[in-house]
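Structure assessment
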Amino acid sequence: MRQRERGFTLVELTIAVTILGIVVVTLANVFTVMARTADQTEQRLTQSRGAKFAGIYWNPDVASSELVNPAGVRCGAAGTPLVTFRWVDDRLPQPQVSTWATSTSGSSTSLVRYLCNANALTVPSRTTTVAPGVNPVGTTVSCDTGAGLAPCGDNSKPSRVLLSIATADGRTLSVDGTREVG
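Counting from 1, residues in each chain are numbered in the order their sequence is written. Residue-level local features of this predicted model are given only where pLDDT is at least 70; pairs of side-chain atoms are given and counted only at 80 or more, and the full residue set underlies all totals for whole chains, interfaces and linings. Hydrogens are left out, water is left out, and the side-chain values use all remaining heavy atoms of the structure.

**With respect to the packing of aromatic side chains**
Two aromatic rings from Phe, Tyr or Trp, using only the six-membered ring of Trp, form a pair when their centres are within 6.5 Å; if the ring planes differ by under 30 degrees the pair is stacked, by over 60 it is edge-to-face, and anything between is tilted. Throughout the structure, instances matching the rule amount to two aromatic pairs. A connected cluster of aromatic rings, assembled from ring pairs, spans Trp58, Phe85 and Trp100.

Following this line, the structure appears as structure tokens:
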């Protein structure tokens, strides 16, 4: 009886440590796979957010715009502009201007919307990153003035304006807006 009360044998201890090692390695692999999958899921979610945000901001900008690409008008100075909209909001004392541009920071390019009052074009009142992780070459804006889609000209009044967003992973998303102002 006293011999059993002294503790574990070397064989029992070796078996316990081996089983514990197998369990720890298995759990470590599970957590590694979960972390990798979570990062990929987060990246996909972030990129899909671009199309939703674009729709939220694009359609009202296009619908209320009096002019597309008003000559000499641009909100803010950052990024490469794709298109500028100008409209009058009866709730505000001055016309509003939004410029959609691609903005690069480090190795990543984002689609950004800059909103300004027409009398303060150098300092945006709001800057919104609409779509992170875009390909600036494939992200374009086209206008339809009745002869089909073409690049938007200065002081144009197209019936519709199409935003095509090329994601960094090669997908293309489009948001189509219709002007409602005559």
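So much for the structure itself; the text now carries on.
**Topic: the sheet that holds strand 5 (residues 126-131)**
Reading across the sheet, the five strands line up as 1-2-3-4-5 and stay open at both edges, with antiparallel pairing between neighbours. Edge positions in the sheet fall to strand 1 (67-68) and strand 5, since each of these pairs with one other strand and no more. Of the strand pairs in this sheet, strand 3 (residues 96-105) and strand 4 (residues 108-117) are connected by 10 bridges, and their pairing is antiparallel. Residue pairing across strands places Thr102 opposite Leu111, the latter belonging to strand 4. The rule for pairing is simple: two strands pair if DSSP sees at least two bridges between them. Runs of H or I in DSSP of at least four residues are treated as helices and runs of E of at least two as strands, each being numbered from the N terminus.

**What about the side chain of Thr128?**
Looking at where Thr128 falls in the secondary structure, it is placed in strand 5. We call a residue buried when its accessible area falls under 20% of the maximum for its residue type, exposed when it is over 50%, and partly exposed in between, using a 1.4 Å probe and counting protein chains only. The exposure class of Thr128 is buried, given its relative accessible area of 10%. What Thr128 contacts, discounting residues up to four positions off in sequence, is Tyr57, Leu111, Val112 and Arg113. A contact between two residues is defined here by any heavy atoms of the two lying within 4.5 Å.

**Remarks on the pattern of salt bridges**
Whenever Lys or Arg places a side-chain nitrogen within 4 Å of a carboxyl oxygen from Asp or Glu, that contact is recorded as a salt bridge. Counting across every chain of the model gives five salt bridges. Notably, a salt bridge pairs Arg113 with Asp61, separated by 2.8 Å at the nearest N-O pair. Placement of Arg113 in strand 4 and of Asp61 in helix 1 (residues 10-64) is noted, with a sequence separation of 52 residues between them. Accessibility classification places Arg113 together with Asp61 in one group, the buried group.

**Looking at the state of the cysteines**
Two cysteine sulfur atoms form a disulfide, by the criterion used here, when they sit within 2.5 Å. Counted according to the given criterion, the structure contains two disulfides. At a sulfur-sulfur separation of 1.9 Å, the disulfide partner of Cys75 is Cys116. With the S-S dihedral at roughly 80 degrees, the linkage between Cys75 and Cys116 falls on the right-handed side. Here Cys75 is found in the loop between strand 1 and strand 2 (80-87), whereas its partner Cys116 is found in strand 4, with 41 residues between them in sequence. Across the pair, exposure class does not vary: Cys75 and Cys116 are buried alike. Covalently, Cys143 is tied to Cys152 through a disulfide, its sulfur atoms 1.8 Å apart. Linking Cys143 and Cys152, the disulfide has an S-S dihedral of approximately 95 degrees and is accordingly described as right-handed. Accessibility classification places Cys143 together with Cys152 in one group, the buried group. Each bonded cysteine in the protein gets a number by its place in the sequence, and the pairs come out as 1-2, 3-4.

**A closer look at the sheet that holds strand 8 (residues 160-166)**
Strands sit in the order 7-6-8-9 across an open sheet of four strands; the sheet is antiparallel. Here the strands that pair on one side only, and so sit at the sheet edges, are strand 7 (149-151) and strand 9 (172-178). On average, each strand axis in the sheet is tilted by 30 degrees relative to the strand beside it, whichever way the strands run. Looking at chain direction, strand 6 (residues 140-144) and strand 7 are connected through three bridges and run antiparallel. Only C-alpha atoms enter the line fits that serve as axes; for helices the fit covers just the stretch in contact. Angles between N-to-C directions range over 0 to 180 degrees.

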